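Spelled out, the chains give:
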Amino acid sequence: MDRARRHKRIRNKILGTSKRPRVVVYRSLKYIYAQLIDDVKHITIVSASSMGIKKGTKTEKSKECGKKLAELAKKKKIEAIAFDRSGYKYHGRIKALADGAREGGLKF
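Conventions we followed
- Residues numbered from 1 in each chain as written.
- Predicted model: local features only at pLDDT ≥ 70, side-chain atom pairs only at ≥ 80, totals over all residues.
- Heavy atoms only, no water.
- Helix = DSSP H or I, 4+ residues; strand = E, 2+ residues; numbered from the N terminus.
- Rg over C-alpha atoms; globule rule 2.2 N^0.38 Å.
- Buried < 20%, exposed > 50% of the residue type's maximum accessible area, 1.4 Å probe, protein only.
- Pairing = 2+ DSSP bridges.
- Axes fitted to C-alpha atoms, helices over the stretch in contact; angles between N-to-C directions.
- Phe/Tyr/Trp six-rings, centres within 6.5 Å; stacked < 30°, edge-to-face > 60°.
- Lys NZ or Arg CZ within 6 Å of the ring centre and 35° of its normal.

Asker: Explanation requested: the overall build of the protein in the structure shown.
Answerer: Tallying secondary structure elements over the protein gives three helices and four strands in all. The secondary structure elements of the protein, listed N-terminal to C-terminal, are α-β-β-β-α-β-α. Relative to the 2.2 N^0.38 estimate, which gives 13 Å for 108 residues, the radius of gyration of the protein is 13 Å and therefore close to what a compact globule would have. C-alpha extents for the protein along the principal axes are approximately 35 × 35 × 20 Å. A buried classification covers 40% of the 108 residues belonging to the protein.

Dropping the structure here:
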């Protein structure tokens, strides 16, 4: 319940546009998922997950997922993003995904 409350508070402050889309993160027990969303047009621009990544710990897979998301965003000519951590603490796999996206060239 606390995460849902934090996510609602974050969503009131963050808005994704086509120039600077919002990165939404979902963390399950096994995988991590990330999407670039344009809130003005209500569309998902690109998405990535750690499902296809076979080797490494969950944190390493999260970092690779961030790099994959950055690569897909570059193909769509997206340089800057707004990071929506969905109420999760900025720590561990969420931080690894963000670091991977930064290494891939996205600006937060």
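Asker: Would you explain unusual backbone geometry in this entry?
Answerer: Excluding glycine, a negative phi dihedral is what most residues carry, and trans is how most peptide bonds are arranged. Its identity as a non-glycine residue notwithstanding, Lys77 has a phi of 65°, on the positive side. Within the secondary structure, Lys77 sits in the loop between α2 (58–75) and β4 (82–84). Positioned with a positive phi, Ser86 is a non-glycine residue whose angle comes to about 60°. Owing to a relative accessible area of 3%, Ser86 belongs among the buried residues under this scheme.

Asker: Mind showing me how you'd approach the sheet that holds strand β1 (residues 22–27) here?
Answerer: The strand order β3-β2-β1-β4 describes an open sheet built from four strands, whose pairing is mixed. With partners counted over all chains shown, the strands left at the sheet margins are β3 (43–49) and β4, one partner each. The mean angle between the axes of side-by-side strands here comes to 20°, regardless of whether they run parallel or antiparallel.

Asker: Sorry, what's going on with the packing of aromatic side chains here?
Answerer: Centre distance and the angle of the planes are the two values used to describe a pair of aromatic rings. Under the counting rule described, the total for this entry stands at three aromatic pairs. When the centroid spacing of 6.2 Å and the interplanar angle of 90° are considered together, the rings of Phe83 and Tyr90 count as edge-to-face. Given a relative accessible area of 17%, Phe83 falls into the buried group. Pairwise contacts between aromatic rings join Phe83, Tyr90 and Phe108 into one cluster. Just above the ring of Phe108 sits the side chain of Arg102; from NZ or CZ to the centre is 4.2 Å.

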